[in-house]
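Architecture at a glance
The residues making up each chain are set out below.
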Amino acid sequence: MNREYDVIVVGGGHAGCEAALVAARMGCETILFNISLDTIALMSCNPAIGGLAKSQLVKEVDALGGQMGRIADKTAVHFRLLNASKGPAVQSTRFQCDKQLYRLAMKAVVEKEERLHLRQGLVERLVVEGGRVRGVVDQTGVFFGGRTVVITTGTFLGGLIHVGDVHYPAGRAGEIASLELAASLKGLGFEMGRMKTGTPPRLRASTIDFARLVRQDSDPDPVPFSFTTERLREDRLPSFFSATTEETHRIIRENIRFSPLYAGAIQGVSARYCPSLEDKVMRFADRKSHPVVLEQEGLETEEIYAKGLGNCLPPDLQERIFHSVTGLEQAEIMRLAYAIEYDFVQPTQLRLTLETKRVGGLYLAGQINGTSGYEEAAAQGLWAGINAALTVQGRPPFLLDRSEAYMGVMVDDLVTRGVDEPYRMFTSRAEYRLILREDNATIRLMGKGRELGLITAEEYGLLREKVRRIEEGIRRLTSIRIFPVEETNRTLAGLHSAPIKNPVTLFDLLRREEIGYDDLSRFGGWEAIPDRAVRRQIEIEAKYEGYIRRQEEAVRKMKELEGMKIPADFDYTAVPGLSNELKVKLIRVEPATVGQAERIPGMTQAALTAILIVIKKRELEGIKN
């Protein structure tokens, strides 16, 4: 059978959907494979999108024309702004979604996309000729030709589930694992490893005593993820808080030998930042309790996601543990908690485009690169899908650096530093986080989405109008001066702000922490701005102007290093003074720039200087010749 496509995407999770959609929208004939078409975009774990540092990724995906933010807005049932009392650099939106509505809404978009074909099937083998991928073979032996292939297998690649002493191959509970594809990648010579994650139990809502729990309702006036969303749905579901007890911890300590995590049955590396319940109890012996958050998985289901109760103990012990938690004494388990191990490819084997160095035209995105989380996966999927399409079209690659986007930070971290545990995005990873806020993602990136053809002229026009209003608002405030008269200082006192002794502008006043944009209405010349996003940007520009300028100066210096290219054929073994360890790392990573080389773990200033000297010497010799 002859099937030829521009882009083949293997895996229909969050990475796969974004990769397939952008490739098709950029004009490529694309096919998306998933083991079951009924589980496209299924939320395997938490029914939520966003969170600390993750919302920045969602909004960046949206600004570039991706889909995750739009679907989250359409299906969200609980809304929170995290770190609301802190500065804008670390504020993050989190939406709890209806799990099934999210899946169905994304599936509908994928199905209706022109040039995007869907195929239910298990891809078992990559076909590689002359160092380039030529296509894939499915479990029925059918060959599908592809100019590029994007693999987004999530936890399915060599997946193995653990519940007590029972271990069985699966991509997630109830679904088969992708074993032959894992063998195919190993056969191609990729360096691979094992990671471990898990998911908490799902409990039946009608068997939970919610009256004994602390209720948390949504924020009253949430801001959508997508710049295209005009209105969020009105349905709202609360979350509930409980905690483990000393009895919970006693049961775990006395039976820890039955955990495959402690019995040595699990070889995969767990994430330090998201330990399972038995791991928390054993590692933090002084803690009397750990939080438990109960989140409803949808409007029309009894299933409750019990965050904080993830473990891989036997079923009978799981039941005893859950019943020891306040409010869960009679709780009925609908789905057991479990741990899952899966294969990943060490991402230092990738180029910054997420194309593999070993096989041309082959791209990897999501958990196969050692990452964790829906949002990290979606961002990589979009990145890989765009670059696969650009390769097909013979166009330059799409790259963002660390000063332009959180996804630029993530990709650089993966490719340059590699992973030794599941990688999760944190605000602390982004050294320029004050200029990489979730509130300015559209301003930062929509122009690039427009250049790629993923943003319409109408959408881009709306952004330009928004930027115009921000600039106009700042100009107006900087042009209006107030004077240190009695009335002015009396007004400032009413705002709990210090008096002025010299003339200042309204923009100067807005720099004060205690004064917001609407507070300036008490002074002459102020004009109302209905758009809260515009007001928000004006406030941030005023309050953080000095910090932003300092970060922009740091970015300028970083760009100088990023602009210094390292030749593709550069011989690190010929650089005097480099340690053998650094030579191995440099040869493996193949940094494209001096800036990337500087970020390789273990790099020293002396070693970097030695590399610069050899590069300069080569340039001079080239000029002479």
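Structure report, in brief. A quick note: this is a predicted structure, and the numbers were derived from the prediction, not measured.

With respect to the overall build of the chain
Per the secondary structure count, the chain includes 20 helices and 22 strands. The globule rule puts the C-alpha radius of gyration for 625 residues at 25 Å, and the 26 Å found for the chain is close to it. Its C-alpha atoms put the chain at 80 × 80 × 50 Å along the principal axes. Intrachain contacts of the chain at a sequence separation of at least 6 include 72% that bridge at least 24 residues. Roughly 26,600 Å² of accessible area belongs to the chain as shown, and the carbon and sulfur atoms make up 50% of that amount. Averaged over its 84 positive side-chain charges, the chain has a centre that lies 3 Å from the centre of its 84 negative ones.

Things to note about the sheet that holds strand 14 (residues 214-216)
Spatially, six strands are ordered 14-15-16-17-13-18 in an open sheet, and the strand pairing comes out antiparallel. Only two strands of the sheet have a single neighbouring strand rather than two, namely strand 14 and strand 18 (333-335). Adjacent strand axes in the sheet meet at a mean angle of 35°, parallel and antiparallel pairs treated alike. With five bridges joining them, strand 15 (residues 239-243) and strand 16 (residues 291-296) adopt antiparallel strand pairing. Bridge assignment links Phe240 to a residue of strand 16, and that residue is Leu294.

Concerning the environment of Pro601
As for its position among the elements, Pro601 is in the loop between helix 19 (594-598) and helix 20 (605-624). Setting aside residues no more than four positions away along its own chain, Pro601 makes contact with Thr416, Arg417, Leu582 and Lys585.

Some remarks on the nonpolar core
Counting residues in each nonpolar core, the largest one holds 106 residues, and the members touching the most others are Ile49, Tyr102 and Met407. Looking at this core, the element that brings in the most residues is helix 10 (residues 374-392), giving 12 residues. Here Met407 is in contact with Leu57, Glu60, Val61, Leu64, Ala379, Leu382, Trp383 and Leu400, once residues within four sequence places are set aside. If you look at the next biggest cluster of nonpolar residues, it comprises 22 residues, including Ala205, Leu313, Phe322 and Leu328.

Overview of the side chain of Thr488
In this structure, Thr488 sits in helix 14 (residues 486-494). The contacts of Thr488, once residues within four sequence positions are left out, are Ile482, Phe483, Ile500 and Phe523.

Considerations on the pairing of strand 11 (residues 166-169)
Strand direction decides the pairing type here: strand 10 (residues 160-163) and strand 11, joined by four bridges, are antiparallel. For Ile161, the partnering residue across the bridge sits in strand 11 and is Tyr168. Between strand 10 and strand 11, which pair antiparallel one after the other, the connecting turn spans two residues, and Gly164 there sits at a positive phi close to 65°.

With respect to unusual backbone geometry
For residues besides glycine, phi is generally negative; the peptide bonds are generally trans as well. One non-glycine residue, Asn83, lies in positive phi territory at about 60°. Judged by its relative accessible area of 25%, Asn83 is partly exposed. Backbone geometry places Arg115, a non-glycine residue, at a positive phi of 75°. Locating Arg115 in the fold gives a position in the loop between helix 4 (99-112) and strand 6 (116-120).

Structural notes on the sheet that holds strand 4 (residues 76-82)
An order of 3-5-4 is seen for the three strands of this open sheet, with the pairing classed as antiparallel. If you trace the sheet from one side to the other, it starts and ends with strand 3 (48-50) and strand 4, each paired once. Strand-to-strand twist in this sheet, taken as the mean axis angle between neighbours without regard to direction, amounts to 20°. Of the pairings in the sheet, the one linking strand 3 to strand 5 (residues 92-97) comprises three bridges and is antiparallel in character. Counterpart to Ala48 in the pairing with strand 5 is Gln96. Set on the sheet, helix 3 (residues 68-75) makes contact with strand 3, strand 4 and strand 5; between it and strand 4 the angle comes to about 115°.

Things to note about the packing of aromatic side chains
Tallied over the full model, the rule gives nine aromatic pairs. Where Trp383 meets Phe398, the ring centres are 5.5 Å apart and the plane angle is 70°; that geometry is what we call edge-to-face. With Trp383 in helix 10 and Phe398 in the loop between helix 10 and helix 11 (406-417), this residue pair connects regions lying 15 residues apart in the sequence. Since its relative accessible area comes to 1%, Trp383 is described here as buried. Judged by its relative accessible area of 6%, Phe398 falls in the buried class.

Focus: the packing of helix 16 (residues 532-543) against helix 17 (residues 545-562)
The relative placement of two packed helices comes down to the angle between their axes together with the axis-to-axis distance. Two numbers describe how helix 16 lies on helix 17: the axes approach to 4 Å, and their chain directions differ by 75°. By the angle between their directions, the pair helix 16 and helix 17 is classed as roughly perpendicular. Across the interface between the two elements, Ile540, Glu541, Ala542 and Lys543 of helix 16 pack against Glu545, Tyr547 and Ile548 of helix 17.

Points about the pairing of strand 1 (residues 3-10)
Here strand 1 lies mainly inside the structure; six of its eight residues are buried. By the bridge criterion, seven bridges tie strand 1 to strand 9 (residues 143-151) in an arrangement that is parallel. If you follow Val9 over to strand 9, its bridge partner there is Val150. Here strand 1 pairs with strand 2 (residues 30-34) via four bridges, running parallel.

Some words on the pattern of salt bridges
If you walk through the whole model with that rule in mind, you get 52 salt bridges. For Asp413, the salt bridge goes to Arg417, with nearest N and O atoms at 3.0 Å. Here Arg417 and Asp413 lie together in helix 11, a separation of four residues that amounts to about one turn. Taking relative accessible area as the criterion, Asp413 reaches 3% and is therefore assigned buried. A salt bridge links Glu486 to Arg490, with the shortest nitrogen-to-oxygen separation between them at 3.3 Å.

So, the side chain of Gln318
Residue position: Gln318 is located in helix 9 (residues 315-323). Within polar-contact distance, the side chain of Gln318 engages the backbone oxygen of Leu313 at 2.9 Å. If we ignore the near neighbours within four places in the chain, the residues touching Gln318 are Val163, Asn311, Leu313, Ile333, Leu336 and Ala337.

Notes on the environment of Arg550
Tracing the backbone shows Arg550 in helix 17. Placed 118 residues apart in sequence, Arg550 and Tyr432 show a C-alpha to C-alpha distance of 9.9 Å.

Quick word on the environment of Met282
Take Met282: it is sitting in helix 8 (residues 277-283). C-alpha separation for the pair Met282 and His249, spaced 33 residues apart in sequence, amounts to 8.6 Å. With residues up to four places along the chain from it excluded, the contact list for Met282 reads Arg253, Ile256 and Tyr262.

About the criteria used
Residues numbered from 1 in each chain as written. Predicted model: local features only at pLDDT ≥ 70, side-chain atom pairs only at ≥ 80, totals over all residues. Heavy atoms only, no water. Helix = DSSP H or I, 4+ residues; strand = E, 2+ residues; numbered from the N terminus. Rg over C-alpha atoms; globule rule 2.2 N^0.38 Å. Contact = heavy atoms within 4.5 Å. Areas by Shrake-Rupley, 256 points an atom, 1.4 Å probe, with all protein chains shown as cover. Lys, Arg positive; Asp, Glu negative; His and termini not counted. Charge placed at Lys NZ, Arg CZ, Asp CG, Glu CD. Pairing = 2+ DSSP bridges. Axes fitted to C-alpha atoms, helices over the stretch in contact; angles between N-to-C directions. Core = buried A, V, L, I, M, F, W, Y, C linked by side-chain atoms within 4.5 Å. Buried < 20%, exposed > 50% of the residue type's maximum accessible area, 1.4 Å probe, protein only. Phe/Tyr/Trp six-rings, centres within 6.5 Å; stacked < 30°, edge-to-face > 60°. Parallel < 35°, antiparallel > 145°, perpendicular 65-115°, else oblique. Salt bridge = Lys/Arg side-chain N within 4 Å of Asp/Glu carboxyl O. Polar contact = N/O pair within 3.5 Å; in protein donor to acceptor, adjacent residues only side chain to side chain.

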